[in-house]
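Descriptive analysis of the structure
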Amino acid sequence: QVQLVESGGGLVQAGGSLRPSCAASGRTFSSRAMGWFRQAPGKEREIVAAISRSGGSTLYADAGRGRFIISRDNAKNTVYLQMNSLKPEDTAVYYCAAAPPYSLLGGAPSTYNYWGQGTQVTVSS
(Lines give C-alpha, C1' and ligand atoms only; values in the text may rest on other atoms or scores of the structure.)
Protein backbone atom coordinates (compact mmCIF):
# COMPACT_ATOMS: atom_id res chain seq x y z
CA GLN A 1 0.00 0.00 0.00
CA VAL A 2 1.29 3.46 -0.94
CA GLN A 3 -0.07 6.72 0.35
CA LEU A 4 0.60 9.89 -1.61
CA VAL A 5 0.18 13.34 -0.12
CA GLU A 6 0.46 16.41 -2.32
CA SER A 7 1.19 19.91 -1.10
CA GLY A 8 2.33 23.19 -2.54
CA GLY A 9 -0.59 24.17 -4.70
CA GLY A 10 -2.19 27.58 -4.40
CA LEU A 11 -3.21 30.79 -6.09
CA VAL A 12 -0.72 32.60 -8.30
CA GLN A 13 -0.85 35.30 -10.94
CA ALA A 14 -0.19 34.51 -14.57
CA GLY A 15 3.54 34.32 -15.21
CA GLY A 16 4.26 33.15 -11.69
CA SER A 17 5.64 29.86 -10.39
CA LEU A 18 4.62 27.08 -8.05
CA ARG A 19 6.35 23.91 -6.93
CA PRO A 20 3.94 21.25 -5.74
CA SER A 21 5.44 18.24 -4.03
CA CYS A 22 4.20 14.74 -3.34
CA ALA A 23 5.39 12.66 -0.41
CA ALA A 24 5.02 8.90 -0.61
CA SER A 25 4.82 6.38 2.20
CA GLY A 26 6.44 2.97 2.24
CA ARG A 27 9.68 1.42 1.03
CA THR A 28 8.92 0.97 -2.65
CA PHE A 29 9.12 4.57 -3.84
CA SER A 30 12.42 4.15 -5.65
CA SER A 31 11.03 1.19 -7.61
CA ARG A 32 8.10 3.14 -9.01
CA ALA A 33 7.73 5.55 -11.88
CA MET A 34 5.84 8.64 -10.74
CA GLY A 35 3.53 10.97 -12.57
CA TRP A 36 1.76 14.29 -12.21
CA PHE A 37 -1.70 14.63 -13.72
CA ARG A 38 -4.24 17.42 -13.70
CA GLN A 39 -7.97 17.72 -14.07
CA ALA A 40 -9.85 20.92 -14.78
CA PRO A 41 -13.61 21.22 -14.24
CA GLY A 42 -15.52 19.43 -16.97
CA LYS A 43 -12.39 17.93 -18.47
CA GLU A 44 -10.73 14.53 -18.33
CA ARG A 45 -7.67 13.86 -16.23
CA GLU A 46 -4.53 14.39 -18.29
CA ILE A 47 -0.84 13.72 -17.91
CA VAL A 48 1.38 16.67 -17.07
CA ALA A 49 4.73 14.93 -16.58
CA ALA A 50 6.19 11.62 -15.49
CA ILE A 51 9.57 10.43 -14.26
CA SER A 52 11.27 7.05 -14.20
CA ARG A 53 12.37 5.20 -11.07
CA SER A 54 15.86 6.65 -11.08
CA GLY A 55 14.87 10.03 -12.46
CA GLY A 56 16.93 9.47 -15.58
CA SER A 57 13.98 9.56 -17.94
CA THR A 58 11.10 12.00 -18.07
CA LEU A 59 8.15 12.70 -20.28
CA TYR A 60 6.07 15.83 -20.63
CA ALA A 61 2.75 16.71 -22.13
CA ASP A 62 2.89 19.42 -24.79
CA ALA A 63 1.05 21.87 -22.52
CA GLY A 64 3.85 21.97 -19.98
CA ARG A 65 6.92 21.20 -22.02
CA GLY A 66 9.51 23.94 -21.59
CA ARG A 67 7.72 25.42 -18.58
CA PHE A 68 7.40 22.51 -16.14
CA ILE A 69 10.12 20.32 -14.66
CA ILE A 70 9.49 17.06 -12.84
CA SER A 71 12.08 15.75 -10.41
CA ARG A 72 12.35 13.28 -7.56
CA ASP A 73 14.37 12.66 -4.45
CA ASN A 74 14.36 8.95 -3.66
CA ALA A 75 16.04 9.52 -0.30
CA LYS A 76 13.05 11.65 0.72
CA ASN A 77 10.36 9.61 -1.05
CA THR A 78 9.24 12.80 -2.75
CA VAL A 79 8.46 13.92 -6.29
CA TYR A 80 8.24 17.56 -7.33
CA LEU A 81 6.72 19.55 -10.15
CA GLN A 82 8.34 22.92 -10.76
CA MET A 83 5.84 25.00 -12.73
CA ASN A 84 7.03 28.25 -14.29
CA SER A 85 5.38 30.85 -16.52
CA LEU A 86 1.98 29.70 -15.36
CA LYS A 87 -1.07 30.48 -17.46
CA PRO A 88 -4.76 30.67 -16.51
CA GLU A 89 -5.33 27.49 -18.53
CA ASP A 90 -3.05 25.65 -16.10
CA THR A 91 -5.76 26.03 -13.46
CA ALA A 92 -6.74 22.53 -12.28
CA VAL A 93 -6.46 20.03 -9.48
CA TYR A 94 -3.04 18.44 -9.73
CA TYR A 95 -2.65 14.79 -8.75
CA CYS A 96 0.41 12.75 -7.98
CA ALA A 97 0.38 9.10 -9.05
CA ALA A 98 2.59 6.05 -8.52
CA ALA A 99 2.99 3.21 -10.99
CA PRO A 100 3.40 -0.47 -10.04
CA PRO A 101 6.99 -1.44 -9.15
CA TYR A 102 9.35 -1.78 -12.13
CA SER A 103 6.71 -0.83 -14.69
CA LEU A 104 7.59 1.20 -17.76
CA LEU A 105 7.29 4.97 -17.81
CA GLY A 106 3.93 5.94 -19.24
CA GLY A 107 1.50 8.81 -19.65
CA ALA A 108 -1.86 7.07 -19.43
CA PRO A 109 -3.76 7.23 -16.13
CA SER A 110 -4.24 3.46 -16.34
CA THR A 111 -0.46 3.09 -15.98
CA TYR A 112 -0.71 4.20 -12.35
CA ASN A 113 -2.32 2.39 -9.48
CA TYR A 114 -1.96 4.79 -6.56
CA TRP A 115 -3.21 8.37 -6.48
CA GLY A 116 -3.00 11.29 -4.10
CA GLN A 117 -5.93 13.42 -3.05
CA GLY A 118 -4.92 16.32 -5.28
CA THR A 119 -3.85 19.91 -4.75
CA GLN A 120 -5.59 22.89 -6.30
CA VAL A 121 -3.62 25.21 -8.56
CA THR A 122 -5.34 28.41 -9.59
CA VAL A 123 -3.73 30.89 -11.97
CA SER A 124 -5.34 34.30 -12.19
CA SER A 125 -5.07 36.51 -15.24
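Here, every reference points to the structure presented above.
Per chain, residue numbering runs from 1 following the sequence as it is written. Where totals are concerned, whole chains, interfaces and linings use all residues; where local detail is concerned, this predicted model gives features only for residues with pLDDT of at least 70, and gives and counts side-chain atom pairs only at 80 or more. Side-chain metrics in this entry use all non-hydrogen atoms of the structure; hydrogen atoms and water are not considered.

1. Focus: the sheet that holds strand β1 (residues 4-7)
Definition in use: A pair of strands is considered paired only if DSSP assigns at least 2 bridges between the two. Secondary structure is summarised from DSSP: a helix means a run of H or I of at least four residues, a strand means a run of E of at least two, and numbering begins at the N terminus for each. Axis geometry follows a simple rule: fit a line to the C-alpha atoms, using only the stretch in contact for helices, then measure angles between N-to-C directions, giving values from 0 to 180 degrees.
A sheet is described by the order of its strands in space; here 4 strands give the open sequence β1-β3-β8-β7, paired in antiparallel fashion. Across the chains shown, the open sheet's two edge strands, defined by having one partner strand only, are β1 and β7 (68-73). Strand-to-strand twist of the sheet, defined as the mean angle between neighbouring strand axes without regard to direction, takes the value 15°. Two strands pair when backbone bridges link them, and strand β3 (residues 21-24) and strand β8 (residues 78-83) are joined in this way by 3 bridges, in the antiparallel orientation. Bridge pairing links C22 to V79 in β8.

2. A word on the packing of aromatic side chains
To keep it simple, the criterion reads: Stacked, tilted and edge-to-face pairs are distinguished by plane angle, under 30 degrees for stacked and over 60 for edge-to-face with tilted covering the rest, among Phe, Tyr and Trp rings (Trp via its six-membered ring) whose centres lie within 6.5 Å. The buried label goes to any residue with under 20% of its type's maximum accessible area, the exposed label to any with over 50%, and the partly exposed label to all in between, with areas taken from a 1.4 Å probe on protein chains only. Either the NZ atom of lysine or the CZ atom of arginine qualifies as a charge over a ring when it sits within 6 Å of the ring centre and within 35 degrees of the ring normal.
Counting across every chain of the model gives 3 aromatic pairs. Measuring from ring centre to ring centre gives 6.4 Å for Y112 and W115, while their planes differ by 65°; the resulting arrangement is edge-to-face. The class for Y112 is buried, based on a relative accessible area of 5%. The structure contains a cluster of three or more aromatic residues connected by ring pairs, namely F37, Y112 and W115. The side chain of R19 reaches across the aromatic face of Y80, ending 4.0 Å from its centre. Its guanidinium or amino end placed over the ring of Y95, R45 lies 3.8 Å from that ring's centre, counting from NZ or CZ.

Just distances and angles here, no functional claims.
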